[in-house]
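For reference, the chains in residue letters:
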Amino acid sequence: DVYCRARVAGGPPQDCRDWWKTKTVQNSVAPQWDAEFTQALAAPELCVVVLECWDDDTVTGDDFLGTVAVPLSEVTSGKQLDLPLLAATLAPWPRKHGAPSLQVTFDLVYADARGPS
């Protein structure tokens, strides 16, 4: 039972907000969320999107599955990224556990029609 959380970090205070959370996908080893989150950013070139995956467990508490951070300056709008998740130690997962990853597409919309500077 997996869900994903996302937030923006690394920019000015007005760009760093609370976490967004996807719905929980029940009984899946390959969950698909198709979630959309929108946020205006004052300084997107400084921002990093942090993604976390969690196992929803109402009995013993949610279990952390992995995280990845993506600098927006490295993102191409509309291009799908395959991002390997890091374990709680922020190291890659041991090979015996497989290599969990997220496939993510960012659709960046700029207030200035010319796009990023």
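As the structure is a prediction and not an experimental result, all values here were calculated from the model.

Colleague: Just give me the short version of the side chain of T22, but keep the residues and values in it.
Modeller: When you line up the elements, T22 lands in the loop between β2 (20–21) and β3 (48–55). For T22, a relative accessible area of 10% puts it in the buried group. Only 3.1 Å separates the side chain of T22 from the side chain of W33, close enough to count as a polar contact. Among residues more than four places away in sequence, those in contact with T22 are Y3, C4, W33, A35 and F37.

Colleague: Outline the nonpolar core, listing residues and values.
Modeller: Counting 20 residues, the largest nonpolar core has W33, L51, L83, L102 and F106 as its most contacted members. Counting only elements with at least two residues in this core, the list comes to β1 (2–9), β3, β4 (63–71), β5 (80–84) and β6 (101–105). Examining the composition of this core, we find that 4 residues originate from one element, β1, more than from any other. If we ignore the near neighbours within four places in the chain, the residues touching F106 are V49, V70, V75, T76, S77, G78, K79 and L81.

Colleague: Can you lay out unusual backbone geometry for me, pointing to particular residues and giving the numbers?
Modeller: Leaving glycine aside, a negative phi is the common case for residues, and trans is the common case for peptide bonds. With phi around 50°, N27 is a residue other than glycine that occupies positive phi space. Residue placement: N27 occurs in the loop between β2 and β3. In this structure N27 comes out as exposed when scored by relative accessible area, which is 72%. Despite not being glycine, D34 has its phi angle at roughly 50°, a positive value.

The rules behind each value
Residues numbered from 1 in each chain as written. Predicted model: local features only at pLDDT ≥ 70, side-chain atom pairs only at ≥ 80, totals over all residues. Heavy atoms only, no water. Helix = DSSP H or I, 4+ residues; strand = E, 2+ residues; numbered from the N terminus. Buried < 20%, exposed > 50% of the residue type's maximum accessible area, 1.4 Å probe, protein only. Polar contact = N/O pair within 3.5 Å; in protein donor to acceptor, adjacent residues only side chain to side chain. Contact = heavy atoms within 4.5 Å. Core = buried A, V, L, I, M, F, W, Y, C linked by side-chain atoms within 4.5 Å.

Note that all results are geometric; they support no functional claim without further evidence.
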